Protein chains: 2
Amino acid sequence: MAEVLKEGKDRKILVAIDEGEESMYALSWALKNVVTSANSKDTIVLLYSKPSRVMYTTLDDTHNLFSADVVATMEKHRNDVAVSVTEKAMKICKDLCDDVKVERRVGDGDPREVIYEMVTKIGADVLVMGTHGYGLIKRTFLGSVSDYCAHKVKCPVLIVKRS
Amino acid sequence: MAEVLKEGKDRKILVAIDEGEESMYALSWALKNVVTSANSKDTIVLLYSKPSRVMYTTLDDTHNLFSADVVATMEKHRNDVAVSVTEKAMKICKDLCDDVKVERRVGDGDPREVIYEMVTKIGADVLVMGTHGYGLIKRTFLGSVSDYCAHKVKCPVLIVKRS
């Protein structure tokens, strides 16, 4: 049994999830290889970052923002995606380690900052993430989320690629 | 119990070690949090990369290399350090998970390539490493070993910082 069980330490395992399959693979790998589901002291914290709202003011000659209806529709979509992604991750946790404690957190904005802040806020023991959770354009714009986190967060970082 | 135990999969956990304390901390963390010492199927593979020989030909006006004695002395020192570092890591493994299988490998040259090649050669299930195992000058020259490995190797990479 892992030493941590002998120490009886409660571990908080923060897993950054997104719409991509790779983050779900990273979650599965961590559940199979890091989480000891016989150890009820582990807590998986699933973190999803909702992308920031996009206001195409530069495409809006009148410089008006979208109508309230459009904004409400966009917001509903963002929330629906957040629910869908977290529900999918919750099912993976239940299927692989049905007795592990799981918490869901949803952030808003740049995933790099959302993840960094959550690691600090909850005092994560380890951060688990994939590497290609964001499309090429988003990665180019954001920079690599995993690179940023691997450098900035203080806790161990487990980067799982889908081979 | 972790799924891997149910699956009965033999895991090869490659841990890159060096003279720095951080790599020993990374090893300890992995032993406490990833290795299930009750699972005799885990194998820890300790990998140390001997730094390349340095021939100061540019400082040698005669363009002669060092004498055979000096080269032999340098080589002995490199080997002594390799033994010292691997012995230290072996003791940590025994102290934390005395029933886990441990193998020692020693490479020669650029640690980035040595680590990458060993991950592929042994089919590592996960690569464990610290982030600051090399001094500023070496890092500047080599680039970050952990950055390189995190991008290039195909298996999951666990980067452990000494907090």
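Residue indices follow the written sequence of each chain, beginning from 1 at its first position. Ligands are numbered from 1 and chains lettered from A, in the order in which they are written. Reporting in this predicted model follows two pLDDT cut-offs: at least 70 for local features of residues, and 80 or more for side-chain atom pairs to be given and counted; totals over whole chains, interfaces and linings ignore these cut-offs and use all residues. Excluded from the side-chain calculations are hydrogens and water; all other atoms, namely the structure's heavy atoms, are used.

> Can you walk me through the pairing of strand 4 (residues 126–129) of chain A in this structure?
One face of the sheet, then the other: side chains in a regular strand alternate in exactly this way. Residue and element names in this part refer to chain A. Partly exposed residues are those whose accessible area sits between 20% and 50% of the maximum for their type, while under 20% is buried and over 50% is exposed, using a 1.4 Å probe and protein chains only. Under the scheme used here, helices are H or I runs from DSSP no shorter than 4 residues and strands are E runs no shorter than 2 residues, and both carry numbers assigned from the N terminus. Burial of the side chains of strand 4 extends over both faces: Val126 and Val128 are buried on one face and Leu127 and Met129 on the other. If DSSP finds at least two bridges between two strands, the strands pair. Both strand 1 (residues 12–17) and strand 4 contribute to a ladder of three bridges, which runs parallel. Looking at the pairing, Ile13 lines up with Val126 of strand 4. Relative to strand 5 (residues 157–159), strand 4 runs parallel, the two being bridged by three bridges. Counterpart to Leu127 in the pairing with strand 5 is Val157.

> Which parts of the structure should I look at to understand the packing of aromatic side chains?
How two aromatic rings sit relative to each other is given by the distance of their centres and the angle of their planes. All names here are of chain A. Stacked, tilted and edge-to-face pairs are distinguished by plane angle, under 30 degrees for stacked and over 60 for edge-to-face with tilted covering the rest, among Phe, Tyr and Trp rings (Trp via its six-membered ring) whose centres lie within 6.5 Å. Enumeration according to the criterion identifies zero aromatic pairs over all chains in this entry. In this analysis the charged atom, NZ for Lys or CZ for Arg, is taken to sit over a ring once it is within 6 Å of the ring centre and within 35 degrees of the ring normal. Positioned over the ring face of Tyr148 is Arg112, at 5.2 Å from the centre of the ring. The positively charged end of Lys152 is found above the aromatic ring belonging to Tyr116, 4.4 Å away from the centroid.

> What is the right way to look at the confidence of the model for chain A in this model?
Close reading of the predicted structure is inappropriate where its pLDDT is low. Residues and elements named next belong to chain A. Across chain A, the average pLDDT comes to 82, with 75% of residues at 70 or higher. The model gives residues 1–8 a pLDDT under 50, and that stretch makes 23 contacts with residues more than four places away or in other chains. Each residue carries a pLDDT score, the predictor's own confidence in it, on a scale running from 0 to 100. Residues are treated as being in contact if the distance between any of their heavy atoms lies within 4.5 Å. A low-confidence stretch, residues 55–59 (pLDDT under 50), is modelled with six contacts involving residues beyond four sequence positions or located in other chains.

> What should I look at first to understand the packing of helix 4 (residues 111–122) of chain B against helix 6 (residues 145–152) of chain B in this one?
Angle between the axes and distance between the axes: these two values describe a pair of packed helices. All names here are of chain B. With axes taken as lines fitted to C-alpha atoms, and helix axes fitted only over the stretch in contact, angles between N-to-C directions fall between 0 and 180 degrees. For the pair helix 4 and helix 6, interaxial distance at closest approach is 9 Å and the crossing angle is 30°. Where helix 4 crosses over helix 6, the two elements pack in a sense that is right-handed. On helix 6, the residues touching Pro111, Arg112, Glu113, Ile115 and Tyr116 of helix 4 are Val145, Tyr148, Cys149 and Lys152. The class makeup of the residues in the contact of helix 4 with helix 6 is six nonpolar, no polar and three charged. Two helices crossing with the near one rotated counterclockwise from the far one by less than a right angle form a left-handed crossing, whereas a clockwise rotation gives a right-handed crossing. Note on residue classes: Ala, Val, Leu, Ile, Met, Phe, Trp, Tyr, Cys and Pro are nonpolar, Asp, Glu, Lys and Arg are charged, and everything else, Gly too, is polar.

> Would you mind going over the nonpolar core with me for this structure?
Nonpolar side chains in soluble globular proteins generally cluster together in the buried interior. Think of a nonpolar core as a cluster: buried Ala, Val, Leu, Ile, Met, Phe, Trp, Tyr and Cys residues, connected wherever their side-chain atoms sit within 4.5 Å. Among the nonpolar cores identified, the biggest contains 54 residues, and Ile44(A) and Ile44(B) are the most heavily contacted of them. Residue contacts for Ile44(B): discarding those within four places in its chain leaves Ile13(B), Val15(B), Leu27(B), Leu31(B), Val35(B), Cys93(B), Val100(B), Lys101(B), Val102(B) and Glu103(B). Val114(A), Leu14(B), Leu127(B) and Ala150(B) belong to the second largest nonpolar core, which has 38 residues in total.

> I'm lost on the pattern of salt bridges in this one. Help?
Opposite charge on two side chains permits them to pair, given that their charged atoms come into close proximity. We count a salt bridge whenever a side-chain nitrogen from Lys or Arg sits within 4 Å of a carboxyl oxygen from Asp or Glu. As enumerated under the stated definition, the model contains 24 salt bridges over all chains in all. Two residues, Glu21(A) and Lys88(A), come together in a salt bridge whose shortest N-O distance is 2.4 Å. You can see Glu21(A) sitting in helix 2 (residues 21–33) and its partner Lys88(A) sitting in helix 3 (residues 68–96), a full 67 residues away along the chain. Residue classification places Lys88(A) among the partly exposed positions, given a relative accessible area of 36%. Residues Asp108(B) and Arg78(B) are paired through a salt bridge, measuring 2.8 Å at the closest nitrogen-oxygen approach. Of this pair, Asp108(B) sits in strand 3 (residues 101–108) while Arg78(B) sits in helix 3 (residues 68–96), placing them 30 residues apart in sequence. Exposure remark for Asp108(B): the relative accessible area of 43% places this residue in the partly exposed category.

> Would you explain the environment of Ala16(A) in this entry?
All names here are of chain A. Mapped onto the elements, Ala16 comes out in strand 1. Since its relative accessible area comes to 9%, Ala16 is described here as buried. Remark: the alpha-carbon pair of Ala16 and Arg112, spanning 96 residues in sequence, is separated by 10.0 Å.

> So what exactly am I meant to see when it comes to the pairing of strand 2 (residues 43–50) of chain B here?
All names here are of chain B. Taken across its eight residues, strand 2 has eight buried, putting it largely inside the fold. Here strand 2 shows no split at all, with Thr43, Val45, Leu47 and Ser49 on one side and Ile44, Leu46, Tyr48 and Lys50 on the other all buried. With six bridges joining them, strand 1 (residues 12–17) and strand 2 adopt parallel strand pairing. By the bridge assignment, Ile17 is partnered in strand 2 with Tyr48. As defined by bridge partners, strand 2 adjoins strand 3 across eight bridges and the pair is classed as parallel.

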